[in-house]
Amino acid sequence: GKTTITVLVASYLHYVKGYDVAVVDCDFPQYSIHDMRKRDMDMTMKDNHYKAQAYEQFKRLAKKAYPVVCSKPDDAARLAESGVPLDFVFFDLPGTINNPSVVKTIAAMDYIFCPIAADRVVMTSSMQFATVINEHMISTGKTAIKGLHLLWNMVDGREKSELYGVYEEIIRELGLQVLQTFLPDSKRFRRELTGEHKAVFRSTLFPVDGTLAKGSHIREITEEILTIIGK
């Protein structure tokens, strides 16, 4: 869920909240966000419906789409120091810390948000990742990381019960924090620009459509993140 959450929150902040945002795609070699931007641009340039939508958005906001830059983890932090004033820079990183360049990039972050799911394999991997970051990079004071927060992703509302309580107790015992807002399991999270002109959910050029945003918790989770970082 890293890539999808990055795109949804970045687009909401940039196109709805008015912040200046950039995304550094470090998920080598697939570069999923960069590929999504190419798909978005191709569809928009070929389709008059989306072209008109992009033009109206540009006129209303007086700002272009946020940049999406490809980078290997080694160069990611340096690329973010471009001199262009930005409110947020998002880094979509590989889901592993067995690479020194990834560790170096993580150490340069202000905040880390790590999606988790109520699946034994996913939780084991995520807890190992978060614990290493917390114990070796945050608690020691060796980095400038201000916080690491877990967030529930792909939550089935019918199952948000005792199982999640057990997991959250383990999370607290490990000294970790989890966001109050969770993201539901929904097919809408995969809906991109199509020739059918359906309401858009996941896009690097447009924010979540207002009708689809209801119940998705994208607004709520973005506001909670803003509260955490003091914006």
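In what follows, the structure referred to is the one given above.
All figures in this text were calculated on a predicted structure; none of them were measured in a lab. (Residues numbered from 1 in each chain as written. Predicted model: local features only at pLDDT ≥ 70, side-chain atom pairs only at ≥ 80, totals over all residues. Heavy atoms only, no water.)

Draft legend 1. Up close: the pairing of strand 3 (residues 88-92). A large share of strand 3 lies buried, amounting to 4 of its 5 residues. Here strand 1 (residues 21-25) runs beside strand 3; their pairing, made up of 5 bridges, is parallel. Bridging across to strand 3, V23 finds its partner in F90. (Buried < 20%, exposed > 50% of the residue type's maximum accessible area, 1.4 Å probe, protein only. Helix = DSSP H or I, 4+ residues; strand = E, 2+ residues; numbered from the N terminus. Pairing = 2+ DSSP bridges.)

Draft legend 2. A look at the sheet that holds strand 1. The strand order 2-1-3 describes an open sheet built from 3 strands, whose pairing is parallel. Two strands in the sheet have a free side with no partner beyond their single neighbour: strand 2 (68-70) and strand 3. Within this sheet the neighbouring strands show an average axis-to-axis angle of 20 degrees, counted without direction. By the bridge criterion, 3 bridges tie strand 1 to strand 2 in an arrangement that is parallel. Residue pairing for strand 2: D25 is matched across the bridge by C70. (Axes fitted to C-alpha atoms, helices over the stretch in contact; angles between N-to-C directions.)

Draft legend 3. The packing of aromatic side chains, seen in detail. Here the structure, examined in full by the defined rule, presents 8 aromatic pairs. Ring centres 6.5 Å apart and planes at 25 degrees place the aromatic pair Y111 and F113 in the stacked group. On the basis of relative accessibility, which here comes to 26%, the residue F113 falls in the partly exposed class. An aromatic cluster is defined as three or more aromatic residues linked by ring pairs; in this entry it consists of Y19, F88 and F90. We note R37 situated over the ring of Y66; from NZ or CZ to the ring centre the distance is 5.2 Å. (Phe/Tyr/Trp six-rings, centres within 6.5 Å; stacked < 30°, edge-to-face > 60°. Lys NZ or Arg CZ within 6 Å of the ring centre and 35° of its normal.)

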